[in-house]
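Here's the letter readout for the chains.
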Amino acid sequence: MNVRAKAFTEALSSVQLENVFNPYADFCELHDRPDSAARRRQNLELSLSRALELNVRTMWIARDLGYRGGRRTGLALTDEMHLGSYSALFRGLPVEKATKGPAMGERTASTVWRLLARINEPVFLWNVFPLHPHEPNEPMSNRCHTARERNTCGEFFHAMINLLQPEKIIAIGGDAHRAVTNLGVNSIQARHPSYGGQNVFIRQIEAAYGLASEEAPSLFSQRVS
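Presented here is a report on the structure given in the accompanying data block. Because the structure is a prediction, the values reported are computed rather than measured.

Criteria and thresholds
Residues numbered from 1 in each chain as written. Predicted model: local features only at pLDDT ≥ 70, side-chain atom pairs only at ≥ 80, totals over all residues. Heavy atoms only, no water. Buried < 20%, exposed > 50% of the residue type's maximum accessible area, 1.4 Å probe, protein only. Helix = DSSP H or I, 4+ residues; strand = E, 2+ residues; numbered from the N terminus. Pairing = 2+ DSSP bridges. Phe/Tyr/Trp six-rings, centres within 6.5 Å; stacked < 30°, edge-to-face > 60°. Lys NZ or Arg CZ within 6 Å of the ring centre and 35° of its normal. Contact = heavy atoms within 4.5 Å. Salt bridge = Lys/Arg side-chain N within 4 Å of Asp/Glu carboxyl O. Polar contact = N/O pair within 3.5 Å; in protein donor to acceptor, adjacent residues only side chain to side chain. Axes fitted to C-alpha atoms, helices over the stretch in contact; angles between N-to-C directions. Expected span 1.5 Å × (residues − 1).

Some points on the pairing of strand β2 (residues 58-64)
So, point 1. Most of β2 is tucked away, with six of its seven residues classed as buried.
So, point 2. In this sheet, strand β5 (residues 168-172) lies alongside β2 in parallel orientation, the contact comprising four bridges. Each bridged residue has a counterpart across the sheet, and for Met59 the counterpart in β5 is Ile169.
So, point 3. Both β2 and strand β3 (residues 124-129) contribute to a ladder of five bridges, which runs parallel. Note on β3: the bridge partner recorded for Asp64 is Phe129.

And the structure:
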């Protein structure tokens, strides 16, 4: 495995913040296997190593890890239902499910992976804040990270950019775009697929990658001869 990927993952696993779950170090009593943190560290380390091998030039950046997705897998914008898709996109990468019980899905991840399957080229997925921030005493909740938390982990964002040297960065959602900008990095903003933004997000990604629209034509718009 790549030495730089290993060093990055080990450094990230050492971060501890209040009301923040670090999937590369912490243990969830509700859902985790005994070795869950180690599995998530391996998922990230393998992913970064493979991205460097493949010379991946595009990154999609979201805001922070969610409790139904990256908190469980250690992979940004990826829930357990799409671990197989993640593996395939990265040429058979042996990522593993880290939790016990049935696989859990996430709506945003489903939309993201529907598009990644159509693009069919490796894209590295990451978050401005690479951990899972939650409300106090509510570990299975999502909240936006604070500016202080973002600054604490800003070095990891810049380290990832420096490692991959992406040619294109797409920030998913206004919060992610503003946070990326505040960290001094340019990106293309795409609408977040949640809260009614799914169709706009899909059209924007189709345009960015030159994909034909999946939208079926309306019967009422067709000319009758």
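Overview of the packing of aromatic side chains
So, point 1. Taken as a whole, this structure holds seven aromatic pairs when the rule is applied.
So, point 2. Here Tyr86 and Phe90 contribute two aromatic rings whose centre-to-centre distance is 5.2 Å and whose plane-to-plane angle is 25°, an arrangement assigned as stacked.
So, point 3. By relative accessible area, which is 1% here, Phe90 ends up buried.
So, point 4. Relative to Trp113, the ring of Tyr86 lies with its centre 5.7 Å away and its plane at 55°, an arrangement referred to as tilted. In this pair, Tyr86 sits in helix α4 (residues 83-89) while Trp113 sits in helix α5 (residues 107-119), placing the two residues 27 residues apart along the sequence.
So, point 5. Trp113 sits in the buried class, given a relative accessible area of 4%.
So, point 6. Linked through ring pairs, Phe8, Phe124, Trp126 and Phe156 together constitute an aromatic cluster.
So, point 7. Lying over the aromatic face of Phe21, Arg71 brings its terminal NZ or CZ to 3.8 Å of the ring centre.
So, point 8. Stacked on the ring of Tyr209, the Lys or Arg Lys168 has its end atom at 4.7 Å from the ring centre.

Regarding the environment of Ile61
So, point 1. Mapped onto the fold, Ile61 is located in strand β2.
So, point 2. Residues Ile61 and Gly92, 31 residues apart in the sequence, show an inter-C-alpha distance of 23 Å.
So, point 3. Non-local contacts of Ile61, meaning those with residues more than four positions away in its chain, are made with Trp126, Asn127, Val128, Phe157, Ile169, Ile170, Ala171, Ile172, Ala176 and Val180.

Topic: unusual backbone geometry
So, point 1. Residue Asn19 is not a glycine yet carries a positive backbone phi of 60°.
So, point 2. As for its position among the elements, Asn19 is in the loop between α1 (3-12) and β1 (20-21).
So, point 3. Of the residues examined, Asn19 reaches a relative accessible area of 24% and is grouped as partly exposed.
So, point 4. The backbone of Leu77 sits at a positive phi, close to 55°, despite the residue not being glycine.
So, point 5. Along the chain, Leu77 falls in the loop between α3 (70-73) and α4.

Some details on the pattern of salt bridges
So, point 1. A complete count under the given rule lists 13 salt bridges for this structure.
So, point 2. Between Asp64 and Arg63 there is a salt bridge, with its nearest N and O atoms 3.0 Å apart.
So, point 3. Given the relative accessible area of 13%, Asp64 is considered buried.
So, point 4. A single salt-bridge network, built from bridges that share partners, covers Arg63, Asp64, Asp175 and Arg178.

Some thoughts on the side chain of Thr78
So, point 1. For Thr78, the location among the structural elements is in the loop between α3 and α4.
So, point 2. Polar side-chain contacts of Thr78 include one of 2.9 Å to the backbone oxygen of Ala76.
So, point 3. In this structure the side chain of Thr78 is engaged in a polar contact, spanning 3.3 Å, whose partner is the side chain of Trp113.
So, point 4. Among residues more than four places away in sequence, those in contact with Thr78 are Gly69, Gly70, Thr73, Leu83, Tyr86, Ala109, Trp113 and Leu125.

Concerning the sheet that holds β3
So, point 1. Ordered by their spatial adjacency, four strands build an open sheet running β3-β2-β5-β6, and the pairing between neighbours is parallel. A single partner strand is all that each edge strand has here, and the edge strands are β3 and β6 (188-190). The sheet shows a mean angle of 30° between the axes of neighbouring strands, taken without regard to direction.
So, point 2. Each of β2, β5 and β6 is contacted by helix α9 (residues 198-209), which is oriented at about 175° to β5, the strand it contacts most.

What about α5?
In an α-helix, one turn spans 3.6 residues; hence positions three or four apart end up facing the same way.
So, point 1. Counted at 1.5 Å a residue, the expected span for α5 with its 13 residues is 18 Å, and the 19 Å between its end C-alpha atoms agrees.
So, point 2. On its buried face, α5 is in contact with β2, α4, β3 and α9.

Without other data, these values stay purely geometric and don't point to any function.
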